[in-house]
Amino acid sequence: MQRAAILQVGSRRAGAMFDSQLQFTNTRKRNVDIASGRDFRRAVVFDYDALKVAENTLQRFQRV
């Protein structure tokens, strides 16, 4: 649930940036915001290993 919430907030933020690109008066700030979103996408979206998370969770439950 936590990851889903992070993705949802990040997606809304990205949508607001990309959908309103022409409304930005400070294009440098917009470009920095868009570039910083690359790290978010890489870390949260693409580097997420669902199998590893599931295995770690299973190991925790087996210890109980």
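None of the values given here were measured: they were computed from a predicted structure. (Residues numbered from 1 in each chain as written. Predicted model: local features only at pLDDT ≥ 70, side-chain atom pairs only at ≥ 80, totals over all residues. Heavy atoms only, no water.)

Moving on, we get to the overall build of the protein. Across its full length, the protein carries three helices and zero strands. Counted from the first residue to the last, the protein has its helices and strands arranged as α-α-α. At 17 Å, the protein has a C-alpha radius of gyration far larger than the 11 Å of a compact globule built from 64 residues. Taken over the C-alpha atoms alone, the protein extends approximately 55 × 15 × 15 Å along its principal axes. Counting over 64 residues, the protein shows a buried share of 14%. In the protein, 12 side chains carry a positive charge and 6 a negative one; their mean positions are 5 Å apart. (Helix = DSSP H or I, 4+ residues; strand = E, 2+ residues; numbered from the N terminus. Rg over C-alpha atoms; globule rule 2.2 N^0.38 Å. Buried < 20%, exposed > 50% of the residue type's maximum accessible area, 1.4 Å probe, protein only. Lys, Arg positive; Asp, Glu negative; His and termini not counted. Charge placed at Lys NZ, Arg CZ, Asp CG, Glu CD.)

Let us now look at the confidence of the model for the protein. Detailed reading of predicted coordinates is not advised where the pLDDT is low. Residues at a pLDDT of 70 or more form 91% of the protein, whose mean pLDDT is 79. Per-element mean pLDDT across the protein ranges from 75 in helix H2 (residues 27-46) up to 91 in helix H3 (residues 50-63). (pLDDT = per-residue confidence, 0-100.)

What characterises a pair of aromatic rings is the spacing of the ring centres plus the angle enclosed by the ring planes. Considering all chains together, one arrives at zero aromatic pairs under this definition. Over the ring of Tyr48 we find Arg3, and its NZ or CZ is 3.6 Å from the ring centre. (Phe/Tyr/Trp six-rings, centres within 6.5 Å; stacked < 30°, edge-to-face > 60°. Lys NZ or Arg CZ within 6 Å of the ring centre and 35° of its normal.)

A separate point is the environment of Ser36. Assignment of secondary structure puts Ser36 in helix H2. By relative accessible area, Ser36 is classed as partly exposed at 35%. Between the C-alpha atom of Ser36 and that of Tyr48, which follows or precedes it by twelve residues, the distance is 18 Å.

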